[in-house]
Structure formats: C-alpha cells, structure tokens
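# Descriptive analysis of the structure
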Amino acid sequence: MTGPVAPATPETGGLASRGSWERPVLAVLTLLLLSFGLVNLYSASAPLAQRQGLPDTFYLLRQAVGAVAGLVVLVVFARIPYQTWRRFAWPLVFASSVVLVVLLLPVARGIAPEINGARRWLELPGFRFQPSELAKLAIVVWTAHIAVAGQHRFRSLSRGMLPFLLVWAVLIVPIVLEPDLSTAFVVGAGAAITLFVGGARIGHFVFLGLLLAPVGALLLGTATRRARILAFRDLATHAEGAGYQVYQSLIALGSGGIAGRGFGEGRQKFGFVPEPHNDFIFSMIGEEWGFLGVGTLLGLYVTILFIGYRIAAGATDRFGQLLATGITSILALHALLHMGVGLGLVPPTGLALPLVSYGRSNLLVTMAGIGMLLAVARVRPAAGVEGT
C-alpha cells in the first residue's frame, strides 16, 4: 500500500523518516534473539565456569555487560545518518589494518598474546577486543563507498575490480596470518557480495576465483586443516580425532528430538562438546529445545535477513543499498556457517552465532551493524513522493 510521506526533517538531510514496519520489527527481533542468547548462554556456560573454578554466572554476566553496551551502540548508530559513514570509509580501513598488523608483530605479544595457536585478540587493561570483527564493518563501508563512486569503471578488470582487491588484501591477509581463515572468508565474501550488487561483472569474479584457487588450496593444505576436511568427509572414522567436535555436536542435536531435553537438562555441555557457549551453542540449543527450538531460532534469523535485504531494496540511494546488503550478508554468512558446523554440513569454522554465542567483540559489531540497518530504514524519499 502506498501513501503520503511525512515532511522532511533536518536530521535526515532533506529526507523524511520512513513510516514502514521494518524498523520496529527488526528492533524487536534483535531483542528477542539477544534475550534468547543470554538465557541459553547461561545454561551452556555454567558447567564450563564450574570446571574453571568460576561462579556459574561468570560468562552470563560478562555477556550481559556486552549486551548493554551493544544496545547503546545500536541506538547511537541507528541515529547517525548512514551517509555519514562515507566520510569514514578510508579512516575505518586504515585503523582496522593498522590494528590487525600490530597483532602480528613480535614486539606486540604483551598486548596480543597467542591463544590456542592464534593471535586474534588485542588485550589492554580492562579491555579485550578482536580487531577482525571491526574489519567486517570497515570493508563493507569502504566497498559500498568506492563502488558508488567508481561504477563507471566496472567494465575494466584492472581499473574496476583490481583496486578493490588491493585494499581488501590489506585487511584479509593479516586475518589469514593470525590465522583465522573462517573470519577471512566472511570478510572477503561480504565485500564480494557488496561489490557484485554494486555492479561488478560476474565474469571478473569467476576469473579471479580461478586465479586464487591455488592460494586457497595452499591455505587448506596444512596438517590440521587437512585432518578437519578428511573428518568432514568421513565423520564416523574420525569420531575420536579431528571429527570429535562435530560428532559430539550431532549427538547433542539428535538427542534433543522434537521438543528437547528441557532447559538446563542438556548433557553434552558437561565436557563433551568443546566451546558449548560459543562455537557450538547451536548444538546446545538443539539438545535442550529440540527441533521446535531450532526451527524457531532459524525462523528468527530468516526474518531478520529478509528485513535486512528488504531495507537494502528500499534504500533511497545506492550507498544505502550496498551498505545494507553487505551488513545483512555478513550476518547471514555467520549464522549459516555456525549452524552448518553444528549440523556437520561444513568443517568447523569457529564462527559465532550472531546475538547468541558468547563473545562481546562480535556482539558489539553485530549490534553496530543492525544500528546501521535501522539508520538506512529510517530514511525514505522526500515529501511529495509516494513510497511503499
């Protein structure tokens, strides 16, 4: 249904506030997922905290602090006119690349310690952050900005796509070297989807994919990653080795049945499934809430993604369209890959389930991205123009 548009306001830069349903529904769904995540995080993390000699609520309280901070970030970002981010496209890329490089410097081990064989965290007094999370927003904002400015050059590979690849590499290569291939894939895929929607030629993507295939094969050729791929192909044979995590995850999901064991009654979190509060929280939800709980969770994500892409389609300019597309695509990749790991459909990736998994860096960046989506949805054509 169409109708008259409200008068333009100074805050929207000559555009009127969008009177559609997307913003309130997206906000409500975000709060639902966030609340559901905190409830399940407590159930999944309490046994882990006990084994570590910590209070049952240790991880819950830390995540709750992140949730409160995330809500503040969401509100602030939702009120910032999204066009403002075009001015920060280059500074965001520069700042992200600098911090990512600092993580890898030998002299920075004091603030970037090696954890589980990787250096992914920046640790300062009272502050811990994963810089690769910031890179996800930075690369989408920058790609959307440059794609709008350089659409006329997309017919040329050297002048169209090559400059994007050079800047993308500045962010993606340090993430690969951490090493964190799954996050590097999400960052690269989110940027590529944004650029494709911006008008890049599919033939260029195919050519570059073939060109980079040997690099991907080399990265996946390490002993650990080879073992994970072999376990993925034949899980039963590797159930006690490289496939242990996924095997235990499938046991959790299978034992949940239709309605689940009941909240707090899951058994796989008692030392069987590693990282039950983070990498495999989807499996814990499946065990305690069953098929009905997993179906509801999936429905919430599908609705959020539908709204995100609807916001992109209804954006008033090209930058808003590409920004919303990139943010929504990164959310989709995170959710799909996390759930795919739990179901044994993809090898383990270590990616968080947005708004649900433990991890304040991912939570803050996810809330910031949703805030940007709300900012894009807040604007519609100027007064006198009909809109949906």
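Report follows, based on the coordinates. (Residues numbered from 1 in each chain as written. Predicted model: local features only at pLDDT ≥ 70, side-chain atom pairs only at ≥ 80, totals over all residues. Heavy atoms only, no water.)

What follows deals with the environment of A184. Take A184: it is sitting in helix α6 (residues 181–197). With 48 residues separating them along the chain, A184 and K136 place their C-alpha atoms 9.2 Å apart. With sequence-adjacent residues up to four places away left out, A184 is seen in contact with I172, I175 and V176. (Helix = DSSP H or I, 4+ residues; strand = E, 2+ residues; numbered from the N terminus. Contact = heavy atoms within 4.5 Å.)

Taken together, the side chains of F196, I202, V206 and L210 define a hydrophobic patch exposed on the protein surface, amounting to about 430 Å² of accessible area. A total of 3 residues in the nonpolar patch trace back to one element, the largest contributor, which is helix α7 (residues 202–219). Assignment of secondary structure puts F196 in helix α6. Its relative accessible area of 43% is what places F196 among the partly exposed residues. (Patch = residues over 30% accessible without salt bridge, like charges linked within 9 Å, V, L, I, M, F, W, Y side chains within 5 Å. Areas by Shrake-Rupley, 256 points an atom, 1.4 Å probe, with all protein chains shown as cover. Salt bridge = Lys/Arg side-chain N within 4 Å of Asp/Glu carboxyl O. Buried < 20%, exposed > 50% of the residue type's maximum accessible area, 1.4 Å probe, protein only.)

The description of two packed helices rests on the angle between their axes and on the distance between the axes. It is at 9 Å that the axes of helix α4 (residues 131–149) and α6 come closest, and there the two elements cross at 15°. As summarised for this structure, α4 and α6 are arranged roughly parallel, according to the angle between their axes. In the crossing of α4 with α6, the sense of the turn from one axis to the other is right-handed. On the side of α4, the interface is formed by S132, A135, K136, I139, V140, T143, A144 and A147, while α6 contributes T183, V187, A191, T194 and L195. A breakdown of the residues in the contact of α4 with α6 according to their chemical character gives 8 nonpolar, 4 polar and 1 charged. (Axes fitted to C-alpha atoms, helices over the stretch in contact; angles between N-to-C directions. Parallel < 35°, antiparallel > 145°, perpendicular 65-115°, else oblique. Left-handed = near helix turned anticlockwise from the far one by under 90°. Nonpolar A, V, L, I, M, F, W, Y, C, P; charged D, E, K, R; others polar.)

This brings us to the nonpolar core. The nonpolar side chains of a soluble globular protein tend to be buried with one another. Formed by 88 residues in total, the largest nonpolar core has its most connected members in L297, L323 and L353. Judged by nonpolar contacts, the second largest core, of 6 residues, contains A44, A252, F280 and V341. (Core = buried A, V, L, I, M, F, W, Y, C linked by side-chain atoms within 4.5 Å.)

Now for α4. End to end, α4 covers 27 Å across 19 residues, agreeing with the expected 27 Å (1.5 Å per residue, within 8%). Burial runs high along α4: 16 of the 19 residues are buried. (Expected span 1.5 Å × (residues − 1).)

A full pass over the atoms with the stated rule returns 11 aromatic pairs. Ring plane angle 70° and centroid distance 5.4 Å describe the contact between W142 and F164, whose orientation is recorded as edge-to-face. Placement of the pair is W142 in helix α4 and F164 in helix α5 (residues 157–177), with a sequence separation of 22 residues. Using a relative accessible area of 3% as the deciding quantity, one classes F164 as buried. Here a set of aromatic residues connected by ring pairs shows up, and it is made of W90, W142, F164 and W168. Over the ring of W121 we find R128, and its NZ or CZ is 4.5 Å from the ring centre. (Phe/Tyr/Trp six-rings, centres within 6.5 Å; stacked < 30°, edge-to-face > 60°. Lys NZ or Arg CZ within 6 Å of the ring centre and 35° of its normal.)

Roughly 35° is the biggest bend found in α5, and it falls at A169. For α5, every residue scored as buried is listed here: G160, M161, F164, V167, W168, L171, I172, P174, I175 and V176. (Bend = angle between axes of the 7 residues up to and from the residue.)

What follows deals with the pattern of salt bridges. Tallying each qualifying case throughout the model produces 7 salt bridges. One salt bridge in this structure joins D180 and R120, with 4.0 Å as the shortest N-O distance. Of the two residues, D180 sits in the loop between α5 and α6 while R120 sits in the loop between α3 (89–104) and β2 (122–124), which places them 60 residues apart along the sequence. Residue D180 is classed as buried on the basis of its relative accessible area of 3%. Residue R120 is classed as partly exposed on the basis of its relative accessible area of 27%.

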